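So the chains spell out like this:
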Amino acid sequence: MNTAKTRKFKITDWLLEIILLVMIILFSLTANNFLTVGNLFNILRNISFKGIIACFMTMVIISGEIDLSVGSTVAFAGVITAYVNKMLLGAGMGEIPAIVIGIIAAVALSGCVGVLMALVITRLRVPSFIVTMAGMQLLRGAALLIANGFPIQGYPDWFKFLGSGYVGPIPFPAIIFIGFLVITWYILKQTPFGRSIYAVGSNPEAAALSGLNVNRIKSMVFMLTSAAAGLAGVMVSAQLNSGSPNVGTSYEMDTIASVIIGGASLAGGAGTIRGTLVGCVFTGVLMNSMTLLGVNDYWQYVVRGALIVFAVFLNTMVRERLKEKGY
Amino acid sequence: MNTAKTRKFKITDWLLEIILLVMIILFSLTANNFLTVGNLFNILRNISFKGIIACFMTMVIISGEIDLSVGSTVAFAGVITAYVNKMLLGAGMGEIPAIVIGIIAAVALSGCVGVLMALVITRLRVPSFIVTMAGMQLLRGAALLIANGFPIQGYPDWFKFLGSGYVGPIPFPAIIFIGFLVITWYILKQTPFGRSIYAVGSNPEAAALSGLNVNRIKSMVFMLTSAAAGLAGVMVSAQLNSGSPNVGTSYEMDTIASVIIGGASLAGGAGTIRGTLVGCVFTGVLMNSMTLLGVNDYWQYVVRGALIVFAVFLNTMVRERLKEKGY
Amino acid sequence: GNSETSSSGKSSQAESSTSKSAEKSSSEASASSAEDVKVILGATGLQEDQFTQVMINGYKDAAAELGIEILTSNSQHSSETETSQINNMLEAGAKGIIIECVNPDSSAAIAETAAEKGAAVFACAITLNSDAVFASGVNDCYDLGESTGIYAKEYFEEHFSKDETINVALVTYDGQDMTGSDARITGFLDQLSDYDINIVARQEGEVADKAYNVTTDILTKNSDIDVFFCASENGVVGCVNAIEAAGNPNNTVVFGVDCSEQLVDMMKSDANILQGTTAQDPYTLGTYAVKTTYDYVVNGVEPEEKDFHADCILLTRSDLDKVDQWLADWNEHAK
Amino acid sequence: MSKHILEAKGVKKVFPGTVALQDVSVSFDEGKVHAVLGKNGSGKSTLMKIFSGVYRATEGEIFLDGKKLNLSSAESAIKERIVTVYQELSVIRDLTVAENLMIGKLPLKRKGRIDWAKVNQKAREILEYLRIDLDIKAYVRDLTVGQQQLVEIAKAMLANPQVLILDEPTSALSDKECENLFRVIEDLKKKDIIILFISHRLQEVFKIADQVTVLRDGHLVGTEKVENLDSAGLIQMMFGNVVHNAKERSWVQDEIVLEANGITNFKLHDISLKLKKGEILGIAGMLGAGRTELLRAIYGLDQIDKGELILYGKRMHKWNPSMMRRMKCGFTSENRKEEGLCQQLSIGDNLVLANLQEISPGNKVSSELEKQFIERQIQDLEIKVADYHLPVSLLSGGNQQKVVVGNWLNTKPNILLMDEPSRGVDVNAKQQIFQVMWKAASEGVSIIMVSSELEELLEVCDRILIMRNGFLVDEKTVSELNVTSIYSLSMGGAE
Ligand SMILES: Nc1ncnc2c1ncn2[C@@H]1O[C@H](COP(=O)(O)OP(=O)(O)OP(=O)(O)O)[C@@H](O)[C@H]1O
Ligand SMILES: Nc1ncnc2c1ncn2[C@@H]1O[C@H](COP(=O)(O)OP(=O)(O)OP(=O)(O)O)[C@@H](O)[C@H]1O
Ligand SMILES: [Mg+2]
Ligand SMILES: [Mg+2]
């Protein structure tokens, strides 16, 4: 796990990346403007919000759980930011403190919801599928109630930067995404906490017997994930210049899919940030190039579905075959 | 398992049913018209389509897999039925043969898709989450393409009966649902195939070592589930009097939730038809009474989410407590 | 001044139609007499967006005024959910059902079921192709597209010549509701037939965040897009923000359908991207629906207009007063 | 009629990175018990799995009665009536005992319906025949490891085998059950069945086997009649040379590090014990006596209804495993598959599972330290690994057991609770583990050890407690005991 660097290059270790590369080359040849710096950064920007969440979803899935609430958390956090901001502005507070407090409130509240869900999952032993599905409903309901169904306005103009600004040629959300990739990679590979997530997901009994506090580890993971989804929500609302209760639908499925394309298993114990990154890029490239190729919406469904299975198939099956042959 | 009859009544065995009963009593007291024969049959009718699918989803989940494609299969099958029917009518065929062929085509094609997905899952060893998610996309795309986005019409009038007819006071779909409950209950409890599903989900390696053909069993389960979803799709399209490519969204999540509320585990090996029935009724009653009580939409989300967690919590936690005390 | 005539004109029209029919009070379809039984109406809306919310506010205000109970629910673009919910309402004793239908054709079956069970069915906001409907009050999707299209034509006359090719991209909600989405687009494009329109992309953006991504992709594909047409408010929000974030090198402009506070801000913005949109008047539709249904059910009054078409409210950068007026009305009804 | 015979000719099996078997040609005939022996990782289980259709030989062929077998799955082997009890438990936890016994061949009534009466009757019969006392309607998940092992054995018997392969069937059994098993094996021998038997308990081999076949590092060393061998000769065949160090002395000090008073729960009745510093305390008892439950209760894994625990003189409140871990107390589970190891994770990861804090100064995992910890155990316990980055699931059973023990030795504990620490470990490795235990004791570590092998308890421990049916019935020093006296004490008979 920690020592890939010391070993030789193995084609089976890089299969998913190779598949992705082949796909990118194919699209470069067929889709106009695909292989431009602008478009590549564009893809990166498009995947950033889901990517941020996917980093933490990787942890959730490694720990053997699932989190369906992230999409609603995105909407919830956006609404909270906008609501708090508007309220504080209304109370005469300055632009900057109002929005900063809004962001903090949104991320903190999201994190708290994560902890609450984790408590129900670990203490009351309700399956995470049910708890986070309920969380999904609750948070969506809360967002709609707070916003009364309407997007909340009132951001200062510069706030957009968080969602759609650029630093040089690089989109700001992409920078955050890359930051989170590094952080979560570090956590999972280099810290005892990260290592325990694998153990907890692989065999909770063995982990508990080894003195790991399974409940605390799972709670941490859910809290971090919800907080990250909250942050993504803040950024989405900055991008759209309003806190809308309707955004974030399908985020849960999309992020879980990216994580699993990246080689994680819903059974827990397996998964890497590198894989998740590839999974995110894979889906991002697919979406982007379908549009660039002008593929009909309906065909997009079909092509996307087929390509995802195909890629995962290549990755699992071919890897095994190659391994047997000693590559 | 086979001998519940010989054992005494245990409160822990009936906890979920008791929770449901308490809920029904509460709603009877608060919601006008809740406890009328008409409304109870209405609830039964409302849950029938998803219920039919949930019976088979129970098998999928017991076998340790997941099927996200059922919602799209519902749309796909409806569109196929309507399309084939329209085509054959256009070619001068009689009303009855046209529609019968349409139904057969729809159910058979859905079953084939199930088999295909199962092949990819078992032979190519791609996780079912990914395969069926891709299936979901593919089938939705296919439905939209065939129908070109618009509902296909042209059913004879009597065909509605399949979706919204009544036999005496009992809705026709409810009869089919009850039929499927009995059949799947029988399969799971009384046939070697059913017991093998538990074995395969509980410990696939051990099942294989015991001489079970794990791949064949899983393929059967996926095929049956897809075919059942296809049949439900035919009935939904009869109910709507057209084959619409937009129906069936969220069926996958709703059915999985019912199955899990009923006590099944996503890890495989556990689950019962009785539990699934309770899960279906539970969600059906919740939806119905929210409307009857005139609860605001946004609050509905919140209440529904909270109640589901609460019920599952009671069921798992209280059961354990009671069991410890020897009930 | 224009705005006042359009929005208040219509509501007065609605009011007059109900009051007139109340006077007539012939009772042919009457199902019950008013006083002793509490009248319940049921209404289904499509989703949790602002449009439905304002329409529900219309329902509720009208119901409160009439002293009746109204049950509302949300079908989330799902025909079966709609069917279940209407069945629930019928069981709850609703004497009238107001449907903002998921689909004009596939919602017909449940409308007929409701009618068979003795409820009066009113199609609100979206036409429902069924004889079971006793009356409807809609903003026709084609009309909405047409209204924006007419303004777009004016804009084109100023900015483009007839022999130049104009690149147009469409942001739709085809997957959610092809019928409505397509009608809006056709309504829009039909007005521009004099021009050499080149459709460079047609992509789904039914939610704002997706519309944003789709727009950036489309802009990458063709940097020389002149015009975006977005078939819904969500599409406009995502699209305009994306164009603005990209710096809008080609001075692309956007036309839309539906309106909201955010779209008003966009029309006022110096970025000069959103040119015009056509607002509907869901509040008027909502009150009209409840009052008409009540009159029909309780007083047996046939509506004067079987197919009431609410006015399309064209809102553009060139008439910001009207925009402000609209927003004021909107905010009043939004609470 | 000629004798039934099972043969392997030139069998080679290559796993990525390992050659598990090399040019193995051997034949087993009917009416005999063939013991297959060799140290951990020598390829015994691999050879058995080739016979039972789980693996395909990379090279070479297998024959039954001269007919070439082309086995593609366990199913196909079962069709040839080659039936296997695998080393790693493969019961189905979510089914009942009766269903486990008959899954894959459930008898039918008309209409494809299971004939439950017949199922139950057959299950009862076979359990009676094997003298196993189990509720056939109990769920297997509620059984102890030993009971699960019995279910597997019964299941194999029910399959009407032509070839019966038993891969360490006794490793989780205590003497009484072993006796029963041997009695049945003697019975089967008369029925022209080919029986293959793997065990690391040499006394069993001498008791039951007629012929031994020895593997070493994937090569066939040879086949020999049991009469022609003594224990030294056998060990010579398996290992070459073995150093057998007897325990030199006892390191018990006066200080009491652990004291349990009146521990009572669903299984245990008022158990009290004291553990001294440097002491190795053995617990003996029959299957189901509650030994595992006692260790679990002390370690905070099972709830207790009454009783107290005092560690280093401090009374514990609501203790749990992570607290115990912080108090430098360790626990090795008897069930390595379910509780001991994270199967997907690498060997290395499993060796530092309980040590994540120690290898992470400043909360960052130091790969340097990690490597040290891992390599020390691999060396001390002679774990046979090609590369410790490989998943632990690829190790042979005995080597997995060493990883379980190594994980805890790495924590430098003060107290170790060891449940069947030598389960499935070969004679040589057992010595290594004992050496390590003694060394630890000499450094002041206290150990409670549960073992079903009485000789082993006598060899390793200072003092032995005897449990019966959830009660602590006796306590003796090693010098007061011998194998027969422990046996009769745990059975409840007089000495
Ligand atoms: N699936 C596998 N993949 C890779 N290597 C394997 C696999 N199975 C076994 N091995 C290796 O093959 C060798 C032989 O293992 P095997 O399980 O046959 O040993 P064994 O003689 O049964 O040992 P024990 O007495 O410990 O059970 C070991 O080095 C083991 O690590
Ligand atoms: N969680 C539980 N709930 C109820 N009964 C249990 C539970 N776990 C074990 N038992 C029962 O307790 C009894 C004692 O099992 P225990 O594991 O203590 O035996 P043991 O002496 O350790 O034997 P083994 O050699 O099998 O490990 C068994 O009959 C088992 O069925
Ligand atoms: Mg072995
Ligand atoms: Mg034990």
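As shown above, the structure is provided for reference.
Structure report, in brief. Worth saying up front: this structure is predicted, and the values here are computed from it rather than measured. (Residues numbered from 1 in each chain as written. Chains lettered and ligands numbered in written order. Predicted model: local features only at pLDDT ≥ 70, side-chain atom pairs only at ≥ 80, totals over all residues. Heavy atoms only, no water.)

1. Remarks on the overall build of chain D
Of the regular secondary structure elements, chain D holds 17 helices and 20 strands. Here the C-alpha coordinates of chain D stretch approximately 70 × 50 × 45 Å along the principal axes. Burial status across chain D gives 61% buried among its 495 residues. Sequence-distant contacts in chain D: of pairs separated by 6 or more residues, those separated by 24 or more amount to 67%. Surface accessibility of chain D: about 19,200 Å² in total, with carbon and sulfur atoms responsible for 47%. Mean positive and mean negative side-chain charge positions of chain D (64 and 67 charges, respectively) differ by 5 Å. (Helix = DSSP H or I, 4+ residues; strand = E, 2+ residues; numbered from the N terminus. Buried < 20%, exposed > 50% of the residue type's maximum accessible area, 1.4 Å probe, protein only. Contact = heavy atoms within 4.5 Å. Areas by Shrake-Rupley, 256 points an atom, 1.4 Å probe, with all protein chains shown as cover. Lys, Arg positive; Asp, Glu negative; His and termini not counted. Charge placed at Lys NZ, Arg CZ, Asp CG, Glu CD.)

2. Examining the packing of aromatic side chains
Enumeration according to the criterion identifies 30 aromatic pairs over all chains in this entry. Both rings, one in Phe188 of chain C and one in Phe229 of chain C, keep their centres 4.0 Å apart while their planes meet at 10°; by these two values the pair is stacked. A residue pair is termed long-range when its members are at least 10 positions apart, and Phe188 of chain C in helix H6 (residues 178-190) and Phe229 of chain C in strand S8 (residues 227-230) qualify at 41 residues. Taken individually, Phe188 of chain C and Phe229 of chain C each receive the classification buried, so the pair is uniform in this respect. Judged by centre distance (6.2 Å) and plane angle (45°), the ring pair of Phe434 of chain D and Trp438 of chain D falls under tilted. (Phe/Tyr/Trp six-rings, centres within 6.5 Å; stacked < 30°, edge-to-face > 60°.)

3. Let's talk about the site of ligand 2
Residues and elements named next belong to chain D. Near ligand 2, the surroundings consist of 15 residues, among which Thr144, Gly290, Arg291, Thr292 and Glu293 are the closest. Between Ala289 and ligand 2, the recorded distance is 3.0 Å, taken from a backbone N or O atom to an oxygen atom. Gly290 is positioned with one of its backbone polar atoms (N or O) 3.0 Å from an oxygen atom of ligand 2. Elements with a minimum of two residues in the shell around ligand 2: helix H5 (145-158) and helix H9 (291-298). A domain split of the shell around ligand 2 shows at least three residues from each of domain 1 (3-237) and domain 2 (254-489). (Near = heavy atom within 4 Å. Polar contact = N/O pair within 3.5 Å; in protein donor to acceptor, adjacent residues only side chain to side chain. Domains from an automatic or database assignment.)

4. Regarding the sheet that holds strand S4 (residues 59-64) of chain D
Residues and elements named next belong to chain D. In spatial order, the strands read S2-S1-S4-S5; together these 4 strands make up an open sheet with antiparallel pairing. Where the open sheet ends on each side, the last strands, each with one partner, are strand S2 (18-29) and strand S5 (67-69). The sheet shows a mean angle of 25° between the axes of neighbouring strands, taken without regard to direction. Of the strand pairs in this sheet, S4 and S5 are connected by 3 bridges, and their pairing is antiparallel. Residue pairing in the sheet places Ile62 in a bridge with Leu69 of S5. Along the sheet, helix H1 (residues 44-51) makes contact with strand S1 (5-15), S2 and S4, crossing S1 at roughly 120°. (Pairing = 2+ DSSP bridges. Axes fitted to C-alpha atoms, helices over the stretch in contact; angles between N-to-C directions.)

5. What to know about the site of ligand 1
All names here are of chain D. Neighbouring ligand 1 are 21 residues, the closest being Gly41, Lys44, Ser45, Thr46 and Gly398. For ligand 1, an oxygen atom lies 2.9 Å from a polar atom in the side chain of His200. A distance of 2.7 Å separates an oxygen atom of ligand 1 from a polar atom in the backbone of Gly398. Contact with the protein chains hides 91% of the accessible area of ligand 1, taken as 640 Å² for the molecule alone. A per-element tally of the shell around ligand 1 places H1 first, with 3 residues. Here the residues of the shell around ligand 1 sort into 5 nonpolar, 12 polar and 4 charged. Shared between two domains, the shell around ligand 1 takes at least three residues from each, and those domains are domain 1 (3-237) and domain 2 (254-489). (Nonpolar A, V, L, I, M, F, W, Y, C, P; charged D, E, K, R; others polar.)

6. Focus: the pattern of salt bridges
Residue and element names in this part refer to chain D. Under the counting rule described, the total for this entry stands at 42 salt bridges over all chains. A salt bridge links Glu80 to Lys67; its shortest N-O distance comes to 3.4 Å. In this pair, Glu80 sits in the loop between helix H2 (74-79) and strand S6 (82-85) while Lys67 sits in strand S5, placing the two residues 13 residues apart along the sequence. Via salt bridges that share partners, Arg201, Glu204, Lys430, Glu453 and Glu456 belong to a single interconnected network. (Salt bridge = Lys/Arg side-chain N within 4 Å of Asp/Glu carboxyl O.)

7. A closer look at the arrangement of the chains
When the 5 pairs of chains in contact are compared, the highest contact count belongs to chains A and B. A minimum C-alpha distance of 36 Å separates chain C and chain D, which share no contact.

8. Details of the coordination of the magnesium ion (ligand 3)
Residues and elements named next belong to chain D. The coordination sphere of the magnesium ion (ligand 3), as far as protein atoms go, consists of Ser45 (OG) and Gln87 (OE1), spread over 1.9 to 2.0 Å. Of the two residues, Ser45 is situated in helix H1 and Gln87 in the loop between S6 and helix H3 (97-102); the sequence distance between them amounts to 42 residues. Residue classification places Gln87 among the buried positions, given a relative accessible area of 9%. (Donors = N, O, S within 2.8 Å, 3.2 Å for Na, K, Ca; no water.)

9. A few points about a nonpolar patch on the surface
Together, Ile11, Trp14, Ile18, Val22 and Leu26 of chain A make up a nonpolar patch on the protein surface, roughly 410 Å² of accessible area in all. The class for Trp14 of chain A is partly exposed, based on a relative accessible area of 34%. (Patch = residues over 30% accessible without salt bridge, like charges linked within 9 Å, V, L, I, M, F, W, Y side chains within 5 Å.)

10. Some details on the packing of helix H7 (residues 172-190) of chain B against helix H8 (residues 192-202) of chain B
Residues and elements named next belong to chain B. In the contact formed by H7 and H8, the axes pass within 5 Å of each other and the chain directions differ by 70°. The angle between H7 and H8 falls in the class roughly perpendicular. Listed contacts from H8 to Ile187, Leu188, Lys189 and Gln190 of H7 are Pro192, Phe193, Gly194, Arg195, Ile197 and Tyr198. Considering only residue class, the contact of H7 with H8 consists of 6 nonpolar, 2 polar and 2 charged. (Parallel < 35°, antiparallel > 145°, perpendicular 65-115°, else oblique.)

11. So, the interface of chain B and chain A
Listed as interface residues are 41 residues of chain B and, on the opposing side, 41 residues of chain A. With both chains or domains summed, chain B and chain A bury close to 3,700 Å², and 82% of this area falls on carbon and sulfur atoms. The tally of links from chain B across to chain A stands at 0 salt bridges. The tally of links from chain B across to chain A stands at 0 residue pairs in polar contact (both at pLDDT 80 or more). (Buried area = accessible area lost by both parts, 1.4 Å probe.)

12. Remarks on the interface of chain C and chain B
Each side of the interface is counted separately: chain C has 34 residues, and chain B has 33 residues. Summed over both partners, the interface of chain C with chain B buries about 2,700 Å², with 46% contributed by carbon and sulfur atoms. Considering only the side of chain C, the residues that lose the most area to chain B are Glu80, Asn88 and Glu91 of chain C, jointly responsible for 23% of the buried surface there. Taken together, the links from chain C to chain B amount to 1 salt bridge. Between Glu112 of chain C and Lys160 of chain B there is a salt bridge, with its nearest N and O atoms 2.9 Å apart.

13. Overview of the relation of the copies chain B and chain A
Each copy superposes on the other: chain B lies on chain A with an RMSD of 0.1 Å after a rotation of 180° and an axial shift of 0.0 Å. Accordingly, the operation relating the two chain copies is best matched by a two-fold axis. Measuring from the rotation axis to each C-alpha of chain B, the shortest distance belongs to Ala267 of chain B, at 3.6 Å. Take the interface residues of chain B: 100% of them recur as interface residues in chain A, which is what a same-surface contact looks like. (Least-squares fit on C-alpha atoms with pLDDT ≥ 70 in both.)

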